[in-house]
Every structure is written in structure tokens, then in C-alpha cells.
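Next come the chains, spelled out residue by residue.
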Amino acid sequence: MATGLILAGLGLATVGFAGRYALRYGKFAQQTLKQQLDSLPAGASFSKYYKGGFEPKMSKREAGLILGVSPSASKAKIKEAHKRIMLLNHPDRDGSPYLAAKINEAKDYLDNSRPGSS
């Protein structure tokens, strides 16, 4: 019983000292973090993903961005990229039906925009 009370007292003392430390040095850490964030360039984008939504009408550029290939990629590359992305985003595997439709639209657009395709 006595050891339990001692442990509870030590726990409360630890929480008290941690809170005191946080109050004392938290403001300094917050100011330093704010200065570091403000020193970053305003238009810096650190994401490898395309910013923005879909265009109203599919373009070669957008189709290439969706599939992750060049708009002038070969038919085999387009097919491989479509397969890879559809495996990750298929509605049967809890993917979005809308994204799956856009992926299929991008593949069809690139296939049909190739010279010599019917």
C-alpha cells in the first residue's frame, strides 16, 4: 500500500515537472518553429503529386499526368501504366469509381490520339 502511494506521488511530481518545462520552453520552441516556417519560400511545393483537379475535357497532358507517362509514350507503356494504376485504384479493391473512370478515360484518350489508331 505504501509503495503504491509513493509511486503515485512520484508520478504526480514527474507530471508537474514536465508541465513546468513545457510551459517554460514551449513558447520558445513555438517561436523558433514559426520563424523556420516563415523562412520557407511562399510558393514552395514539396509534394510529388499534381496540384489541382481534373480539367473539364481530357487533354493529352492531363491523360499523361493521370497515367504517369509521357503523352507521346508507346502503346505498351500506356497499357502497363494503366494496368499498374488500375490495380491500385479498382473499385473492387475499395478504390474510387470516379478515379477508375478517369484512369480508363486517360488510357482511351491516349490510345485514340495515337497516329494510325482507329
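That block above? That's the structure.
Throughout, residues of each chain are indexed from 1 in the direction in which the sequence is written. Thresholds applied to this predicted model are a pLDDT of at least 70 for local features of residues and 80 or more for the giving and counting of side-chain atom pairs; totals over whole chains, interfaces and linings are not thresholded and use all residues. As a rule here, side-chain values come from all non-hydrogen atoms in the structure, and water together with hydrogens is ignored.

K.L.:
Explanation requested: the overall build of the chain in the structure shown.
P.N.:
The helix and strand tally for the chain stands at four helices and zero strands. Counting helices and strands in the order they occur from the N terminus, the chain gives α-α-α-α. Note on classification: 1.4 Å probe, protein chains only; a residue is buried when its accessible area is under 20% of the maximum for its type, exposed when over 50%, partly exposed between these limits. Taking all 118 residues of the chain together, 18% fall into the buried category. Contacts are assigned to residue pairs that have any heavy atoms within 4.5 Å of one another. Nonlocal contacts in the chain, meaning residues at least 24 apart in sequence, comprise 50% of its contacts between residues at least 6 apart. Secondary structure follows DSSP: runs of H or I at least 4 residues long count as helices, runs of E at least 2 residues long count as strands, and numbering of each begins at the N terminus.

K.L.:
Whenever I open this one, unusual backbone geometry confuses me. Can you help?
P.N.:
If a residue is not glycine, its phi is most likely negative; likewise, a peptide bond is most likely trans. Phi is positive for aspartate 94, which is not a glycine, with a value near 65°. Examined against the element boundaries, aspartate 94 turns out to sit in the loop between helix 3 (75–89) and helix 4 (97–112). Residue classification places aspartate 94 among the exposed positions, given a relative accessible area of 76%.

K.L.:
It is not clear to me how the pattern of salt bridges should be interpreted in this structure. Could you clarify?
P.N.:
A side chain of one charge can pair with a side chain of the opposite charge if their charged atoms are brought near each other. By definition here, a salt bridge exists when the distance from a side-chain nitrogen of Lys or Arg to a carboxyl oxygen of Asp or Glu is within 4 Å. Counted under the stated rule, the structure contains three salt bridges. Its salt-bridge partner being lysine 102, residue glutamate 105 comes within 3.3 Å of it at the nearest N-O pair. One end of the pair is glutamate 105 and the other is lysine 102, both in helix 4 and three residues apart, which spans about a single turn. By relative accessible area, glutamate 105 is classed as partly exposed at 33%. You can call lysine 102 buried: its relative accessible area is 9%. Lysine 107 serves as the salt-bridge partner of aspartate 111, at 3.1 Å between the closest nitrogen and oxygen. Note that aspartate 111 and lysine 107 are positioned in helix 4 at a spacing of four residues, about one turn of the helix.

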